[in-house]
Amino acid sequence: MVQANTQRQIAHALLTARGIARLMELRDAGVTAATVSRMERDGEVLRLARGLYQLADAPLDANHSLAEAAKRAPKGVVCLVSALAFHGLTDQLPKQVWLAIGRKDWAPKSDGTPIRIVRFTESLLADSVETHVVEGVPVKVFGVVKTVADCFRYRNKIGLSVAIEGLQEALRQRKATPGEIAREAERGGVSSVIRPYLEALTANG
């Protein structure tokens, strides 16, 4: 059995390296649940959600909620409004993390940062996924072009005005070309929906 003071050192090292860790990861490293509980009581660690911990003095990234969501749903991909915000394509500040998971994937429990689940088909879930490191945690986020197309596919969930803003900003900031967006819209089955807005925004270009 690893001694309690050594367990704390192990926990500190693990949380420093990974940013956020599950209780299972801490246990695998030799840290008992009782030690983690004591560390939480002593103010050394923060419990972000059930079985999810971070050092109390860890520097928080602006995208902290995305790192937390990625730990709670490792198969999930940040999508829609949260992906727009991550890519700097909207003024919206989502109060929940929009996360895409597979049709049959397990959805995380409602604990900690609110997560809004959207179920994607496997082909759409695997397309155009980028991995960014936030607070030491690998976070999967859909790329700009796919995010814009997805926002039009799910316009009834997020609002058409948000989808149009994302399209406008992606073009204005030159993070995507009209051709790239048109091709992705075709793949996602929203070509006829996005075309009038694309034509209007590029008419003077």
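Remember, it's a predicted structure, so these values are computed and weren't measured experimentally.

## Considerations on the packing of aromatic side chains
Point 1. Under the defined criterion, the tally for this structure stands at three aromatic pairs.
Point 2. Aromatic pair F152 and Y197: ring centres 5.8 Å apart, planes at 40°, arrangement tilted. With a gap of 45 residues between them, F152 in helix α7 (residues 144-153) and Y197 in helix α11 (residues 191-202) connect regions that are remote in the sequence.
Point 3. By relative accessible area, which is 0% here, F152 ends up buried.
Point 4. Note on Y197: relative accessible area 27%, which makes it partly exposed.
Point 5. What links up through ring pairs into an aromatic cluster is the set F120, F142 and Y154.
Point 6. When the ring centre of F142 is taken as origin, the NZ or CZ atom of K146, which lies over that ring, is 4.6 Å away.
Point 7. In this structure, R153 packs its charged tip against the face of F120, placed 5.3 Å from the ring centre.

## Describing the sheet that holds strand β2 (residues 45-49)
Point 1. Ordered by their spatial adjacency, three strands build an open sheet running β1-β3-β2, and the pairing between neighbours is antiparallel. The two strands at the open ends of the sheet, each matched to only one other strand, are β1 (20-22) and β2. On average, each strand axis in the sheet is inclined to that of its neighbour by 35°, with strand direction left out of account.
Point 2. Strands β1, β2 and β3 (52-55) of the sheet are contacted by helix α4 (residues 64-72), whose axis makes an angle of about 20° with β1.

## As for the packing of helix α9 (residues 160-172) against α11
Between two packed helices, the angle of one axis relative to the other and the distance separating the axes together describe the packing.
Point 1. Here α9 crosses α11 at 45°, and the two axes come no closer than 11 Å. Classified by the interaxial angle, the pair formed by α9 and α11 is oblique. Judged by the twist between their axes, the crossing of α9 over α11 is right-handed. Contacts from L160, I164, L167, Q168 and L171 in α9 reach I194, Y197, L198, L201 and T202 in α11.
Point 2. The residue inventory of the contact of α9 with α11, partitioned by class, reads eight nonpolar, two polar and no charged.

## A word on the packing of α7 against α9
Point 1. Two numbers describe how α7 lies on α9: the axes approach to 8 Å, and their chain directions differ by 155°. With respect to α9, the element α7 is oriented roughly antiparallel. Helix-helix and strand crossings are classified by hand; for α7 and α9 the assignment is left-handed. Within the contact between the two elements, α7 uses V144, V148, C151 and F152 and α9 uses L160, A163, I164, G166, L167 and A170.
Point 2. Split by residue class, the contact of α7 with α9 holds nine nonpolar, one polar and no charged.

## Digging into the pattern of salt bridges
Point 1. Using the criterion set out here, one finds 11 salt bridges in the structure.
Point 2. Notably, a salt bridge pairs E25 with R18, separated by 2.6 Å at the nearest N-O pair.
Point 3. Residue R18 is classed as partly exposed on the basis of its relative accessible area of 35%.
Point 4. E169 is paired through a salt bridge with R172; the nearest N and O atoms lie 2.8 Å apart. Of this pair, E169 and R172 both sit in helix α9, three residues apart, which is roughly one turn of the helix.
Point 5. Note on R172: relative accessible area 56%, which makes it exposed.
Point 6. Residues joined by salt bridges that share partners form a network here, namely R8, R41, D42 and E44.

Conventions used here
- Residues numbered from 1 in each chain as written.
- Predicted model: local features only at pLDDT ≥ 70, side-chain atom pairs only at ≥ 80, totals over all residues.
- Heavy atoms only, no water.
- Phe/Tyr/Trp six-rings, centres within 6.5 Å; stacked < 30°, edge-to-face > 60°.
- Helix = DSSP H or I, 4+ residues; strand = E, 2+ residues; numbered from the N terminus.
- Buried < 20%, exposed > 50% of the residue type's maximum accessible area, 1.4 Å probe, protein only.
- Lys NZ or Arg CZ within 6 Å of the ring centre and 35° of its normal.
- Pairing = 2+ DSSP bridges.
- Axes fitted to C-alpha atoms, helices over the stretch in contact; angles between N-to-C directions.
- Contact = heavy atoms within 4.5 Å.
- Parallel < 35°, antiparallel > 145°, perpendicular 65-115°, else oblique.
- Left-handed = near helix turned anticlockwise from the far one by under 90°.
- Nonpolar A, V, L, I, M, F, W, Y, C, P; charged D, E, K, R; others polar.
- Salt bridge = Lys/Arg side-chain N within 4 Å of Asp/Glu carboxyl O.

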